[in-house]
Amino acid sequence: MSEIAVRPNETTVPLMPCASVEETLAFYEALGFEATYRQSKPYVYLALRWSGFQLHFGPAPKGLDPAREESGGCLVMVDAVAPYHAAIVAAMRRVYGKVLSSGLPRITRYRTGASRFTLIDPSGNSIIFIQRDEPADLEYGGSKKLTGLAKALDNARILREFKLDDLQAFRALKSGVRRHGADALAVERAIGLCHLIDLAMVLGEPTDPWISDLRGLELTSSDRQRIESELGHLEGLQEWLP
């Protein structure tokens, strides 16, 4: 009897907890997902499909708190993340009238050139879209090649995009701006302040101090071009700039 060979033709499908069938279906269907299977009794099971991948959901364990955002997760490897973010954001605007950028559910912000973003669903699951050619040598805690405010900005980027910790990103950047802002170029300080304003809005913190500092800066036309090139994804940017 000949042995059956293992062939590299596998397909993996994530199975994540579902805290609410109704909320999960409403959210994903609003984004354009198709429910290929749904069941509430004798136990919860949902199968959703969008583009070329699937997400499956099963019963939530007792005591699951979606607000902790520790429920489950899935990595979606793609050639380019920007089109996926744009499609999801467009769907949110059509259905909800705005981009869901805070609370549950939500989508993380996407900056030009970024290699990932995260969609957090009503059950606290994280669907992380990652570009296939994302650098493998990312340095957590800020690149050792950077110093001053540039290092603080890089540290905040890692905390926000890879660790999904807006609060720690806010604290790190606030400290960096206060310690190194005076020695930085006006354009770099402006970029740091814009990120602080955006983070403050997401966290429900006051934005006035940072907007006031930003409007007190003297920026050249080339400074503004760089800011708009790097931060054009931030809603309200033109209203903040001096």
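Shown above is the structure to which this text applies.
For clarity, every value in this text was computed on a predicted model and none was experimentally measured.

Here we take up the packing of aromatic side chains. By the definition in use, this model includes 12 aromatic pairs. Look at Tyr 37 and Tyr 45: their rings are 6.3 Å apart centre to centre, the planes differ by 70°, and that puts the pair in the edge-to-face class. Three or more aromatic residues joined by ring pairs form one cluster here, namely Phe 27, Tyr 28, Phe 33, Trp 50, Phe 53, Phe 57, Tyr 84, Phe 117 and Phe 129.

Here we come to the nonpolar core. Judged by nonpolar contacts, the single largest core of 32 residues is most densely connected at Tyr 28, Leu 55, Ile 88, Met 92, Leu 119, Ile 127 and Phe 129. Those elements that place two or more of their residues in this core are strand S1 (15-18), helix H1 (21-30), strand S3 (45-50), strand S4 (53-59), strand S5 (73-78), helix H2 (82-96), strand S7 (116-120) and strand S8 (126-131). Counting residues in each nonpolar core, the second largest holds 29 residues, with Leu 149, Leu 159, Trp 210 and Ile 227 among its members.

Next up on the list: the environment of Ala 150. Along the polypeptide, Ala 150 turns up in helix H3 (residues 148-161). Each C-alpha atom of the pair Ala 150 and Gly 176 lies 8.8 Å from the other, and the pair is 26 residues apart in sequence.

Another point: the sheet that holds S7. Each strand in a sheet pairs with another by means of backbone hydrogen bonds, the pair being arranged parallel or else antiparallel. Spatial strand order, S5-S8-S7-S6: 4 strands in an open sheet with mixed pairing. Both outer strands of the open sheet, S5 and strand S6 (106-107), are each paired with one neighbouring strand and no more. As defined by bridge partners, S7 adjoins S8 across 5 bridges and the pair is classed as antiparallel. Residue Phe 117 lies in a different strand from S8, and its bridge partner there is Phe 129.

One open sheet holds the 4 strands; their spatial order is S1-S4-S3-S2, and the pairing between them is mixed. The open sheet has two edge strands with one neighbour each: S1 and strand S2 (34-39). Here the average twist between neighbouring strands, direction ignored, is 25°. Bridging between S1 and S4 involves 4 bridges; their strand directions are parallel. Its bridge partner being in S4, Pro 17 is matched across the sheet by Gly 58. Against the sheet, H1 touches S1, S2, S3 and S4, its axis set at about 5° to S3.

About the cut-offs
- Residues numbered from 1 in each chain as written.
- Predicted model: local features only at pLDDT ≥ 70, side-chain atom pairs only at ≥ 80, totals over all residues.
- Heavy atoms only, no water.
- Phe/Tyr/Trp six-rings, centres within 6.5 Å; stacked < 30°, edge-to-face > 60°.
- Core = buried A, V, L, I, M, F, W, Y, C linked by side-chain atoms within 4.5 Å.
- Buried < 20%, exposed > 50% of the residue type's maximum accessible area, 1.4 Å probe, protein only.
- Helix = DSSP H or I, 4+ residues; strand = E, 2+ residues; numbered from the N terminus.
- Pairing = 2+ DSSP bridges.
- Axes fitted to C-alpha atoms, helices over the stretch in contact; angles between N-to-C directions.
- Contact = heavy atoms within 4.5 Å.

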